[in-house]
Structure formats: C-alpha cells, structure tokens
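These are the residues of each chain, in order.
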Amino acid sequence: ANTKVTFGTNWLAQAEHGGFYQAVADGTYAACGLDVTIIPGGPQVNNRAQMLAGKEDFIMAGNMLEEFNAAAEDVPVVAVAAAFQKEPQVILTHPGKGKTLADLKGMKLLISDQGYASFYQWMVKTMGFKDENREVYTFNPAPFIANPDIGMQGYLSSEPLMVEKQGGFKPDVYLIADYGWSTYSTLIETMAGTVKDKPDVVKCFVDGSIKGWYNYLYHDNSAANALIKKDNPDMTDDQITFAIDKMKANGIVDSGDTLTMGIGAITDARVKDFFDKMVAAGVVKADLDYKKTYSTAFVDQGVGLDLRPKN
Amino acid sequence: MAVIRRAIQSLGQRPKVLEMARVDKTFNGNVVALQHMSLTVNEGDFISLLGPSGCGKSTALRLLAGLSHPTAGRILWEGAEATGDLSVVFQEPTLMPWATVAQNVWLPFRLRGQSYNSVKDEVLEVLRLVGLEKFLNAYPRELSGGMKMRVSIARALVTNPRLILMDEPFAALDEITRHKLNKDLLDLKAKIGCTIIFVTHSVFESVFLSDRVVVMAARPGRVIQEFPIDAPYPRGEAFRTSAEYAAHCRAASDALYQAMGEVA
Amino acid sequence: MAVIRRAIQSLGQRPKVLEMARVDKTFNGNVVALQHMSLTVNEGDFISLLGPSGCGKSTALRLLAGLSHPTAGRILWEGAEATGDLSVVFQEPTLMPWATVAQNVWLPFRLRGQSYNSVKDEVLEVLRLVGLEKFLNAYPRELSGGMKMRVSIARALVTNPRLILMDEPFAALDEITRHKLNKDLLDLKAKIGCTIIFVTHSVFESVFLSDRVVVMAARPGRVIQEFPIDAPYPRGEAFRTSAEYAAHCRAASDALYQAMGEVA
Amino acid sequence: MTIAETGAPAAEVAVDLEEQRRARNQRVEKIGRWLLPVLVMAAAILLWDRIVVWNAIPKYILPGPFLVIQTLIQDAGILFPALLVTLEITLMALSVAVIGGAGLAILFTQNRWVEMSFYPFAVILQVTPVVSVAPLIFIYVSNRLVGLLLCAWLVAFFPVLSNTTLGLRSADHNLRDMFSIYGATRWQRLRYLQIPSALPYFLGGLRIAGGLSLIGAVVAEYVAGTGGIGSGLAFRILEAGYRLNIPRMFAALLLIAFTGVAIFAVLSFISHLLLHKWHESAVKRET
Amino acid sequence: MTIAETGAPAAEVAVDLEEQRRARNQRVEKIGRWLLPVLVMAAAILLWDRIVVWNAIPKYILPGPFLVIQTLIQDAGILFPALLVTLEITLMALSVAVIGGAGLAILFTQNRWVEMSFYPFAVILQVTPVVSVAPLIFIYVSNRLVGLLLCAWLVAFFPVLSNTTLGLRSADHNLRDMFSIYGATRWQRLRYLQIPSALPYFLGGLRIAGGLSLIGAVVAEYVAGTGGIGSGLAFRILEAGYRLNIPRMFAALLLIAFTGVAIFAVLSFISHLLLHKWHESAVKRET
Ligand SMILES: Nc1ncnc2c1ncn2[C@@H]1O[C@H](COP(=O)(O)OP(=O)(O)OP(=O)(O)O)[C@@H](O)[C@H]1O
Ligand SMILES: Nc1ncnc2c1ncn2[C@@H]1O[C@H](COP(=O)(O)OP(=O)(O)OP(=O)(O)O)[C@@H](O)[C@H]1O
Ligand SMILES: [Mg+2]
Ligand SMILES: [Mg+2]
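Residues numbered from 1 in each chain as written. Chains lettered and ligands numbered in written order. Predicted model: local features only at pLDDT ≥ 70, side-chain atom pairs only at ≥ 80, totals over all residues. Heavy atoms only, no water.

**Quick look at the site of ligand 2**
In step 1: What surrounds ligand 2 is a group of 22 residues, the closest being Ser144 of chain B together with Lys57, Ser58, Thr59 and Gln91 of chain C.
In step 2: The environment of ligand 2 is shared, with nearby residues belonging to chains B and C.
In step 3: Within the backbone of cysteine 55 of chain C, a nitrogen or oxygen atom sits 3.2 Å from an oxygen atom of ligand 2.
In step 4: Lysine 57 of chain C places a polar main-chain atom, nitrogen or oxygen, 2.7 Å from an oxygen atom of ligand 2. (Near = heavy atom within 4 Å. Polar contact = N/O pair within 3.5 Å; in protein donor to acceptor, adjacent residues only side chain to side chain.)

**As for the site of ligand 1**
In step 1: Taken together, 22 residues are adjacent to ligand 1, and Ser58, Thr59 and Gln91 of chain B together with Ser144 and Gly146 of chain C come closest.
In step 2: The local environment of ligand 1 is shared, drawing residues from chains B and C.
In step 3: Lysine 57 of chain B has a polar backbone atom sitting 2.7 Å from an oxygen atom of ligand 1.
In step 4: Expressed as a share of its isolated accessible area of 640 Å², the protein-covered part of ligand 1 is 93%.
In step 5: Broken down by secondary-structure element, the contributors of at least two residues to the shell around ligand 1 are strand E2 (31-42) and helix H2 (57-64) of chain B together with helix H5 (145-157) of chain C.
In step 6: Split by residue class, the shell around ligand 1 holds seven nonpolar, ten polar and five charged. (Areas by Shrake-Rupley, 256 points an atom, 1.4 Å probe, with all protein chains shown as cover. Helix = DSSP H or I, 4+ residues; strand = E, 2+ residues; numbered from the N terminus. Nonpolar A, V, L, I, M, F, W, Y, C, P; charged D, E, K, R; others polar.)

**Here we look at the state of the cysteines**
In step 1: Throughout the structure, instances matching the rule amount to one disulfide over all chains.
In step 2: As a non-bridged cysteine, cysteine 249 of chain B has cysteine 249 of chain C as the owner of its nearest cysteine sulfur, 16 Å distant.
In step 3: Judged by its relative accessible area of 7%, cysteine 249 of chain B falls in the buried class. (Disulfide = S-S within 2.5 Å. Buried < 20%, exposed > 50% of the residue type's maximum accessible area, 1.4 Å probe, protein only.)

**Here's the deal with the nonpolar core**
In step 1: Core analysis: the largest hydrophobic core is formed by 237 residues, its most contacted members being Phe20, Phe68, Ile91, Met123 and Trp213 of chain A.
In step 2: Every residue in contact with tryptophan 213 of chain A, bar those within four places of it in the chain, is listed here: Ala15, Glu16, His17, Gly18, Gly19, Phe20, Ala83, Phe84, Met247, Val253 and Ile263 of chain A. (Core = buried A, V, L, I, M, F, W, Y, C linked by side-chain atoms within 4.5 Å. Contact = heavy atoms within 4.5 Å.)

**Focus: the domain arrangement of chain B**
Residues and elements named next belong to chain B.
In step 1: For chain B, the domain assignment lists domain 1 (13-85 + 162-261) and domain 2 (92-161).
In step 2: The distance between the C-alpha centroids of domain 1 and domain 2 comes to 24 Å.
In step 3: In this assembly, 18 residues from domain 1 lie in contact with ten residues from domain 2.
In step 4: A combined buried area of about 1100 Å² lies between domain 1 and domain 2, and 72% of that area is made up of carbon and sulfur atoms.
In step 5: Our enumeration of links across domain 1 and domain 2 arrives at zero salt bridges.
In step 6: Taken together, the connections running from domain 1 to domain 2 amount to one residue pair in polar contact (both at pLDDT 80 or more).
In step 7: Taken together, the elements giving at least two residues each to the side of domain 1 that touches domain 2 come down to strand E6 (163-167) and helix H6 (175-192).
In step 8: For the side of domain 1 that touches domain 2, the element with the highest residue contribution is H6, accounting for seven residues. (Domains from an automatic or database assignment. Buried area = accessible area lost by both parts, 1.4 Å probe. Salt bridge = Lys/Arg side-chain N within 4 Å of Asp/Glu carboxyl O.)

**Observations regarding the coordination of the magnesium ion (ligand 4)**
In step 1: In this structure, Ser58 of chain C (OG) and Gln91 of chain C (OE1) serve as the protein donors to the magnesium ion (ligand 4), at separations of 1.9 to 2.1 Å. Pair noted here: serine 58 of chain C is in helix H2 (residues 57-64) and glutamine 91 of chain C is in the loop between strand E5 (86-89) and helix H3 (101-110), with a separation of 33 residues, a long-range link. (Donors = N, O, S within 2.8 Å, 3.2 Å for Na, K, Ca; no water.)

**Some thoughts on the pairing of E6 of chain B**
All names here are of chain B.
In step 1: Most of E6 sits inside the fold, with five of its five residues counted as buried.
In step 2: By the alternation rule, side chains of E6 split into Leu163, Leu165 and Asp167 and Ile164 and Met166, which are all buried.
In step 3: For strand E5 (residues 86-89) and E6, the ladder comprises four bridges, and the chain directions are parallel. Residue pairing in the sheet places serine 87 in a bridge with isoleucine 164 of E6.
In step 4: One ladder, built from five bridges, connects E6 with strand E7 (residues 195-200); its direction is parallel. Looking across to E7, one finds that leucine 163 is bridged to threonine 195.
In step 5: Running through H6, the crossover from E6 to the neighbouring parallel element E7 is right-handed. (Pairing = 2+ DSSP bridges. Right-handed = clockwise from strand over helix to strand, strands pointing away.)

**Details of the packing of helix H1 (residues 18-25) of chain A against helix H11 (residues 222-231) of chain A**
All names here are of chain A.
In step 1: Following both chains from N to C, one finds H1 and H11 inclined at 110 degrees, their axes separated by 8 Å at the closest point. Classed by the angle they form, the pair H1 and H11 counts as roughly perpendicular. Where H1 approaches H11, its residues Gly18, Tyr21, Gln22, Val24 and Ala25 are matched on the opposing element by Ala223, Ala224, Leu227, Ile228 and Asp231.
In step 2: Residues belonging to the contact of H1 with H11 are distributed by class as follows: seven nonpolar, two polar and one charged. (Axes fitted to C-alpha atoms, helices over the stretch in contact; angles between N-to-C directions. Parallel < 35°, antiparallel > 145°, perpendicular 65-115°, else oblique.)

**Points about the side chain of arginine 155 of chain C**
In step 1: By secondary structure assignment, the location of arginine 155 of chain C is in helix H5.
In step 2: No salt bridge is formed by the buried arginine 155 of chain C. Its closest oppositely charged neighbour is aspartate 172 of chain D, at 8.8 Å.
In step 3: Within the structure, the side chain of arginine 155 of chain C is placed 2.9 Å from the backbone oxygen of threonine 94 of chain C, a separation counted as a polar contact.
In step 4: Non-local contacts of arginine 155 of chain C, meaning those with residues more than four positions away in its chain, are made with Pro93, Thr94, Leu95, Asn104, Val105, Leu107 and Pro108 of chain C together with Met178 and Tyr182 of chain D. (Lys, Arg positive; Asp, Glu negative; His and termini not counted.)

**Considerations on the sheet that holds E2 of chain B**
Think of a sheet as strands paired side by side through backbone hydrogen bonds, with each pair either parallel or antiparallel.
All names here are of chain B.
In step 1: If you trace the three strands from one edge of the open sheet to the other, you get E2-E1-E4, paired in antiparallel fashion. At either margin of the open sheet sits one strand with a lone partner, and together these are E2 and strand E4 (72-77). Within this sheet the neighbouring strands show an average axis-to-axis angle of 15 degrees, counted without direction.
In step 2: Where strand E1 (residues 16-27) lies against E2, eight bridges are found, and the strand directions are antiparallel.

**A short note on the interface of chain D and chain E**
In step 1: Of the residues lining the interface, 65 residues belong to chain D; the matching set on chain E comes to 66 residues.
In step 2: Between chain D and chain E, the buried area comes to about 5700 Å², and carbon and sulfur atoms account for 73% of it.
In step 3: Put simply, chain D and chain E have zero salt bridges between them.
In step 4: Across the contact surface, chain D and chain E share three residue pairs in polar contact (both at pLDDT 80 or more).
In step 5: When contributions to the side of chain D that touches chain E are tallied by element, the ones reaching two or more residues are helix H1 (4-54), helix H4 (112-127), helix H5 (130-140), helix H6 (144-169), helix H7 (173-181), helix H8 (186-224) and helix H10 (246-275) of chain D.

**Some words on the arrangement of the chains**
In step 1: In this assembly, eight pairs of chains are in contact, and the pair with the greatest number of contacts comprises chains D and E.
In step 2: Nothing in chain A touches chain B; the tightest C-alpha to C-alpha distance between them is still 49 Å.
In step 3: Of all C-alpha pairs spanning chain A and chain C, none lies closer than 48 Å, and the two are not in contact.

**Digging into the side chain of arginine 150 of chain B**
In step 1: Relative to the assigned elements, arginine 150 of chain B resides in helix H5 (residues 145-157).
In step 2: No salt bridge is formed by the buried arginine 150 of chain B. Its closest oppositely charged neighbour is aspartate 174 of chain B, at 6.2 Å.
In step 3: Separated by 2.9 Å, the side chain of arginine 150 of chain B and the backbone oxygen of valine 130 of chain B make a polar contact.
In step 4: Within the structure, the side chain of arginine 150 of chain B is placed 2.7 Å from the side chain of serine 53 of chain C, a separation counted as a polar contact.
In step 5: Among residues more than four places away in sequence, those in contact with arginine 150 of chain B are Val130, Gly131, Leu132, Leu173, Thr177 and Leu181 of chain B together with Ser53 and Gly54 of chain C.

**Digging into the pairing of strand E8 (residues 150-155) of chain A**
Residue and element names in this part refer to chain A.
In step 1: Burial runs high along E8: five of the six residues are buried.
In step 2: The sheet contact formed by strand E6 (residues 108-111) and E8 spans three bridges and is parallel. Along E8, the bridge assignment pairs leucine 110 with methionine 152.

Below you can see the structure in the form of structure tokens.
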C-alpha cells in the first residue's frame, strides 16, 4: 500500500493550492507511492503546530520569513520547494492614488498583524512607510471601500476581484513582489528529520507537486477544481478562473528560474538576496544560519519541464 | 387643623381615619385569609386585633397599610393618614442587614431627606427607650431576636407618626421589657395623640393597651367580636390589678376560646 | 442501656447528659454574651432558661447544641445525647423556603435516609398536633408568622428525640394555641421521656412546664438564680390555678425583676 | 378631606376608579408583555432601515434590514444547516460548561483548602486567550469534537463556576446549623441545602453562560477551522466577511442574535419554573 | 459512656484535646491559607516541567516553565510595557463594563416595560461576535480608544448586567414594603434598598467581568490593533506565535494569567471589604 502522508495548506481550498489538488486528483502522488491527504487551513488553523507535533508531514508556508523565524527559534523545519516564485501579496488603493508603491507612504494602510511583522517592516525600512499609518486589517475590506483615503493589503487573486464586485470600482493593485519583496511563497515545508530519514517520501511529494502544478496550470484541471470545490463549497468557477489568470499573468508560479529549473525552484542566490533584505530591514538577525532553512536537494532538477507547453 | 381635630375628639366625635368595608382576601384562589371583614378606625383609636395564629391579623394589617389589595370590598383612607404619615412594625424585624442599628432607625428620616446629624437626638432617645443605646453601631446579625424587634419598634416610633400599625411587636420580648414598652407606648400616644392598630395574641396586652379589642377567628379569617375597653387613660399598674381589667380579660379570653372552638 | 437509665432515673439519680462549666462567650472581643455560666442537665430534665431580651439565652442554647464554641470554660456531653439524637427549635422558624411544609417536617427523617412514604404517618400526626394538617403542601412564604414557627416545632418533635433544645418556640403563638402546645409538649415528654431545655421569656410558661427554672441576667449574661419547681407531672389546668403555681411565678418574676434591675 | 359622612361617597367613587384602573392595568400588561418587545424590535429594525437609507450607506458596509432578511431567505439553504452545526456545539458546550462549572463549584465549596488552592487555576483558565492555546489543545486532543468542546468550555464555564460558588456559600446559616444538628452528611448538606440555596445564583450564571456558550462555539469553530463542509455559522460569517458578502454576514449574525435570544428565553423560562414558587426574584407576590 | 462521676475526667481530657485541636487547626489554617496555594502552584509548575522533560517535548511546542520564566525575565523590556498597555485597556474596559452593565440593570429594574423591551438587545449584544462587528465599529467610531473600549465592553458587560438585575430584583419584600410605607421615592428605593441588596450579586458579576475585561482587552487589541509602538500583550502573543517564539508567547500568556489572578484577587478583596460585615457569603461567623 502507499505511504500515507498529510499536507496542511494555509487557507481554505482555492486555486492557489491547485497543483497539489491536481496531483491528488490525477494520481501523480500515488504513482510514486504516496497516499496524500490535503488538510485545508483556515483563518485560525495552525497547521504548523500540528506538523511540529508530528501530526502532519508537510505544510504550506507563506513565505521565507517564516523559515527564518523558525530557524531563529531553533525549530527544525526546512523548505523543500517553492510553489510560488513571487508572493501574491498586494496593496490595494482606490484608483489614482499613486504610481508606485512608494507613493503610498503617507497613506493609512490596513495591514494584518502578520503582514505588519513581515513585509510592512521591510516597507518601513526600505521605502519609509510609517508604523503610525498602519491600521489592523481583520480581513474585512468594508472600511477600505468606505474610505477612499486608505489602502489595504490583499491577496492578488481575492481582494481585487471582491472590491471590484462589491465596491463597484477597480482598485489600483501593487504587487509587493514587483518592488523587491523577493521571497518565495507557498513553500512546501517539512521537518528536518523527515528530510533526513525519509528523503524518498519528500522527493516523491515534491516531484508530484511540481508535476501537479504543471498539469493544473497548462492542462485539464477540472478534476482538481472539483476537489477544491468539494473541500470548499463556497469556491466559484469565476474565482478559480480569475485566480489562475492572475497567477499566470503575474508569473506567480512559473517565471524566472522555473523556466529552466522547473516549477518549485529554490536558488541560494534568491534566498540570500531576501535574507539580506530582511537583515537590512531589521526583521531578522544577521547571524542567523539561514542556509539550514531550505534545501535545494529536491528541486531545480527540471522535473516536469516536459509538461510545460512550448510556446 | 390639628387643633380642630383635638376639639372634635374631646366631644367624642372623632373623625374616621380608616375604614375596611366587607373586605375579602383570598390567596392563590383558595386560601380565604379574610372574609367580610369590616372595621372602622377613628382618630386617636387604639385598636387591638386579637386572634389565633393564622387568622388573618397580619393580612388585615397589610391591607390597612395599603401594601395589599382586597380581593373584594374596599378600604378607605381619610384625613392626614392618607398623606402617608404612617409607621409599621412588621411581624418580622425587617431590618436592613447592611446598615447598623442607628442607620436602620434613621431610615424614616433619611427617606424624608433629613441628615443623620439633624435627627441624632431623636434616634438616640428612641433607642434609649427600647434599651439599645449601647448597640448604636451593631449590625442586625449581631443582635438577639428580641433586640432586632426592638430596633424595628424604635424605627416605627422615632418619627412620632400619626398612625402606627404594629404586628405583634412585643412577642419576642420578656414580660418586664414588654410591660415597660406597653407603658411607653401609651405615654407616647398620650403625648402625640396618634392612632394605633395593634396586632397581638396576648389577651392581657390587648386589654391593657387598647380602647377597642377586635377578636378574629380563623378559616375563614373574620371578626367575631368587637368590644370597647372603656377604662380611662392613662392606665397604670393599678388598672392591671383591677377587677375591671380581669373581667375584660375574661371576656376577651372567652371570645378567643370561641374563635378557636369554631376551628377545632 | 436505656433500661438501666430508666431505673436510675426512678431512684432520683438521673445520669448527667450535658454540663456547662464556667463558660464564657465573648463576641467580637467585647460583647460579653455569657460569663461564668454553669449548668448541669440530667436525663429527663425540663429546664427553662428565663431572662431579659439579649441576656444570652440563645447563645447558651447554641453552645449546648454544639453549634458554637465557648471562649472559655467547657461543655461536656454525656451518654446518648453525644450521639446526636437531638432536636432544636431556633428562635427564627428556619425553614427551607424551597420546600413545602411536609418536606420541611420530613427533613430529620430524610437526613437519616428514610423515605417520605415510610414516615408519612408521623409527619401527618405531628402536623395535626400543631394544627397545620391542611397546609401540608404550602410553601413557607404562604404561611403566617405563627404557622411558620409551628412547622419548626413540628420538625423538632417528629423524630421523638432524646434531647430537645427550644428557643422561645411559642412566642409567636396566641395564648390558647400556646397552652395547648404546652400541654402537648408535656405529654410527649411523659411518653418518650426526653430531656428538654427550653428558652422562654414567659414566667408563667417556665413555671408551668419545667422542673427547674434558670433565671439569667444580662450584660454580662449570667445565671443569677436557679430554682426547682417540684410540682409533680402530669400538670394540668389545676396546677395553673394552684397557689403553688402562683408562688413560683412570683418568685420567678421577682428574680427577673432583679435581673432587670441590675441593668437599669 | 372632609369628615367621614361626606367623605365616604367621594372616596367610594375614588375606589371604584382605583379598581377599574387596576383591572385595566392588568389587561394592558397582559397584552403589553408580548406586544411591546415586538413593537420595540420592529421600531429598531425600522430605525436601522432609515439610517441606512438616509445616510445612503452602501450594502457592503451596513446592509439594510430588509436586504438582510431577504438574504437570509435566499441563503437559507446554506445558513440553516450552519446554524444547526453551531447550535449543536453550543448546546454541548453549555452542558459541559454547566457540568464543569457547577462541578468545580461543588468541589471548591466542599473544602476550603481545595478552593484556595485551585481557584487561581480556574481564573487562569478564564483569562487564557482561547485563540492562543487552541493549537496546543488540538495537538494533544486528537478528537476534534472534544477539542472543540474544550475551547467552548474555556469560554463559558467561569460564570457558572463563580456564581454557583457564591450561591453555595450563601446558604442561610441557621439552616446550616439545623443540618449540623441532624448530623447531615456532607453529601446531604450539599444535596438538600446548598444546591437549592445556590439555585438562583446558579441560574443567573447559566443565563450568562448561555450566551457565552454560543460565543464559545463560534470561537471554537473559528480556531478549529471546520472549514468547508459541515461548517457552522462562525465560518459562514468569516467567509462572507472575506468575500465582502456583507448581507450574508449580517444574515448569519442575525441568526446568531436570534439564537442567543432564544437560548436566553429558554433559560429564563427554566429559571422561572424552578424558582417561581419560592424565590424572591421570581415570585409573583399577590398584593 | 459511663455515668457522670467517672465520665467527667475522661471527658475533661477529651475536651482539652478538643481545645488543643481547635487551636492547632486555627494555627494551621493561618499558615495554610497562604502556603497551600503557593505549594499547589509550585507543584503544578513542577508537574509541567516534568511532563515537558519526560516526554521530551520540544520547546517550540510546549516550553518548560523555567524556560518560560527565563524568557519572561529576558524579554521583560518588551513584555512589561505591553502588559501596561493591556492593563490600561482592561481597567478602562472594566470601568465601562461596570458602568454600562450596572447602569443598564438599574434602568431595566426601574420599569418592567423598559426591561421587557430592551433586554433582548442586551442579549444580542452579548452574543454578537466582536470580531465580526469590529470593522463596522471602526468605520463609524473615529476615536480609536472609544472603539477599543466599545469592543471590550461588548465582551464584558453582560455578566454585570445580568447579575445586577438579578440582585436588584432580590431585595427582601418586607423591606420593599417598608420603603413603600415611608413613601420612598424611586431613587431612594434604588439607593438605599435595591443597590445594597444587589451588592453581593453585583460583586459576583464584577468578578466574572474582571477576567472578561482582560479577554475583552486582548480581543479588542486583536481586532483594533495597537500595532507597533505601544502595542499590548495581544500583539506580543500573536507576533511571538507568528515568529514561532513559543517561549515568549508563553511568557506573555503567563503575564496575562497572573494579571487575571491579580485582578480577581483585588476584586475579591473589594468584595470582602464591602460584604464582610453583613452578607452570608462573606461573614466570618464566630462559633
Ligand atoms: N403570601 C401568601 N400566600 C398564600 N397564603 C397566605 C399568604 N400570606 C398569608 N397567607 C395565608 O393567610 C392566612 C392568614 O395569614 P396571616 O399572616 O394574616 O395570619 P396571622 O393572623 O397574622 O397569624 P400569626 O399570628 O401566626 O402571624 C394564613 O392561613 C396564611 O396561610
Ligand atoms: N453573632 C453575634 N455577634 C455579635 N454579638 C452577638 C452575636 N450573637 C449574639 N450576640 C450578642 O450576645 C448577646 C446575647 O444574645 P442572645 O441572642 O443570646 O440573647 P437572647 O437572650 O437570646 O435574647 P432574646 O430573648 O432577645 O432572643 C446580645 O447582646 C447580642 O448582641
Ligand atoms: Mg401574623
Ligand atoms: Mg434569643
């Protein structure tokens, strides 16, 4: 029988998890001997705690900062693949408030606590945003829509669409990644022990996920979408389509290094670049042994490149 | 006004202050506490309600005080008493547990907006009257049963009210204190000329104190006899040992026996 | 054992069941409720504690019941009474407001694990004794003051206890009910041969009921006189009208006056 | 007033008026008891509507009541199953809170040492933010339902504990003495004296806990992430909030509000049944 | 036992023993009252430590108590200022809850119509999930502090309201009659009768509200964010959790726990001061 493994995501099932669902749906994981169960995350669901306690095998990490933070606390977790090359974190404003991200620095911004502890710190250090201008974002965009003078954070594929639908205007969207926020995102994270003791499992899971992403983005993804909608009945086809479009248009999954190394790529240079930025922003300490937070052993090998349509 | 009243009173035509007219009171639809009870109270009266336990004395008193409404019949208030210059001693001491003795006695004044200091003398005097001057600052829970009752009596007397309703005020007291307070009550009445309705289960007390004894019977509660005690006030120990007193007591006692007999 | 006791008793050498030896009781460090109080209770005694309000009668009773500890001196329990075959009537009715009359009277049995049905007859009988057989299912708040007290008395008597402590049980009752219950109490005592300690402020009651009257004075509470009433039981109306009775009453009354005099 | 002879007829008329007045009052009250709350609620809803209309508040900020009700009807298929889920957790949480709270209270009043030693822990549990300890709970409690109940219990148990403790301690001291005299065992004293004495306090705590259980269920659901299928109202609210489907969010909030009021009404009714025969706060005095 | 003559000496010895026992008990209690809770707390901490050590639980799941305390000392510079912020909000929220809760209770008991009509709204407020309505609040309430307090108030006011209402209604009916007879005004009745009668109930509600205010402050901070500079413990907990700095998170939780216990102790002490002279639950009976 196949080895049972669990994978905890960071949110309710959505198109951003498409590759993983695809691999479950079309048997890619099963082909290399894994029986994968996806455990959706949620607003307060803490899948990382479950993995640390040995109850889950893999989880989805938001960005590299989480890995650095873990390392700083001697938590033995390792990122083994980066499904997203760019973090789809955006800042939204009412139309015409600025040209680039830096223009927003005088503005009140709704930023979640997590955002405040990560990219906002970096924005403060590098672009002169101010702590005082930050207000708490509780994932309810109403205050933003109601007040043209404030901006807010958002996720590329959700808030912009929502604001457009409900607020009746097309907000300006600034993808933070485009301004130098160079972290990977939607990483596959596992315990260091798993990497050491069960490299086969890790390899199968990473390879399967990579292939899954290719299939999801470029081939028939209806089975995966069906699974997504089963896990999250509120998901609509509209939204899935919108999200896939956005991922493709912004090169979230497949751009840059992945074109040669395959989806999931992690390179030392990118990690170092991001680490240095974080050190400069004062978010992490310079003496952190950040190298142990990720492993390139399972990626960068061109897996699945053959599944990419040539165009 | 008070002067005119006094004048009328001395002519024997004292104005009516309270009247119960064929009052019924039924609890829970079946316990008939009072049936066709009628009673006229004139100014300056000292009326005793005498009757076996559970015959409706307290119920009648509560009706007279306006704390309860008759099931049938009516209660009329006249004159000054309608304005509420009224005191009550309930059968239970009914003290505020969070207040000291002095504060409890101060209550009626306090509710009229008078500060403690302005009525301190009255409070002290009435507490001396009931023998509790040393317990000014005690809390009710630190008092004996009789002492609590005496605080309640003090509270009722402290304002020199025009109408006093008392429900077995002296039941918890020893005979000597009781005799003393009987006398003090008569003195007070003589001094301020108030009207008193007094519930008791003591034949002797009712005869000694009142100018009219109303004997009630139980189940249903009703008046079975009403007779005047025409001995003149002030009454003293001489009255208590007189043949007249003894005769009255016997009459009241007989009435009471009759009241009991009807139940048994 | 009980048989031996009875035998001794008939020889006039009744065993001691309770003793207070030079007991002091001080509240809050300054109110001396009892000072050097000594009292010996023999089996079958009917002792009355007589005294002015606030002299420490209830305090003494609570000490005897073991509900309170002396500040100095000691209290000794002997014999069967030490095992807790004991009933108390407090000065307040002390009924459970959530329970009906019948349930309240059932309590002592219930605490011995006896079901209501198994003791229904006893409960009904004792309620008939106090004249409340019609109020079986009433709640305490639906009763008059005297009726509540009668429920409390019924609860104390229902188990035929060996030792009964009563704190002014009849104070809230009319004279006729009181006389009847006085007699009933004596009958019960004759029947079951229990020991009774009885607090009262009625000279007449104390003389009529007890074989020993203990007169107390207040501030500090103490025993000032103790005298036997040697009239034989059963006592009836004849005793109440006898010269002997009158003489005893006078003596007790004088003692009480003396007790009061010392305070006033 | 005049002397009795002339006073009587006047007074008689007054009394008749008085009697009529009382009878009328009773009738008015009988109707008012139901009508008034309904009217006030209707007025509040109307006010809400007017505020929304007059200030032209967009529906994604504050939807009007009629839109909310319309949404409620439209989305009934989604919301009512969610309500059932939440209700189930709420009722279980309430039971657990009652058993846990009253049980602890009883334990605490049995022995002062136990109370002194363990009450601080109860306080600590009360003030612990559920959101923070939830992950820990879900690590060690593998049964999801047990975990959920534990979270909800944390939120709701304290009022029951606190009020019941207070009530158990407020038993009349004369009755306590009476029980000592009859040699009541600890259990009898508890069963026949302390528990009835504590009842009004306990029921007060219960009414507080009713609402808190509902909140507890919402929070528990929130931290346990029942996401997707079989999810309760909490999830619906969050999800609708994320999607800015504010009318649906309000429809869900409305359901929670009504559930809360219904729970409160039921608990008040139970309270009335248990107390109306004897306790001051519930007895309807005949006057 | 034997008859009196021979019984007396034996009994005397027994009494002496009894007296000694009581004196000893009193001494033991005097010490135990402080020592025992401390010992139990110490034992709990030790148990916690042993569990962590024996099960080799890594510190990022459940740090041992000594590590937590060490972190507390190390991070004191961060945590104590945060504590002050939270404490400030807590105390303000408690004041608002007390004023709002007791005020509403008084309003409700003044008039049954008012109560029947508006109590449902109080219940609705109690069960409304703060997290959901917070954004709405912050749209309309521009003053951040007012918004924060409003959130915390929502969490904490109900127990005060509910218990005070119950207490105001539990005034002895004989005393109520006494006040009627003396023609007490509504205000006098409230001031001199109902409020003192309600005090024990109110104080019970206050003890519940103490903890809830702390939770309310944490939740309010959570939804309203004191972010960055001058942020409170809630933010510290979230941040530490996010950074997987679990020992610091526990240190912050520990601070909250101690704050909760301290608030409870202070409120209990106030309660004792106000009640020990007269109320059953607080009076120390002399026996
Ligand atoms: N609130 C009540 N509910 C029901 N029945 C009541 C209530 N109050 C009094 N009763 C009944 O009414 C009758 C008369 O009671 P009341 O208190 O007037 O007697 P009483 O003459 O004062 O007796 P006592 O001398 O014992 O105080 C009794 O049978 C009592 O049971
Ligand atoms: N709990 C208490 N705290 C303080 N003082 C008390 C307490 N109980 C009784 N006392 C005081 O002790 C004295 C005796 O009280 P006790 O109740 O024994 O009197 P009593 O003889 O029963 O009077 P009564 O006939 O009025 O019932 C009184 O002065 C009273 O104030
Ligand atoms: Mg009466
Ligand atoms: Mg007494």
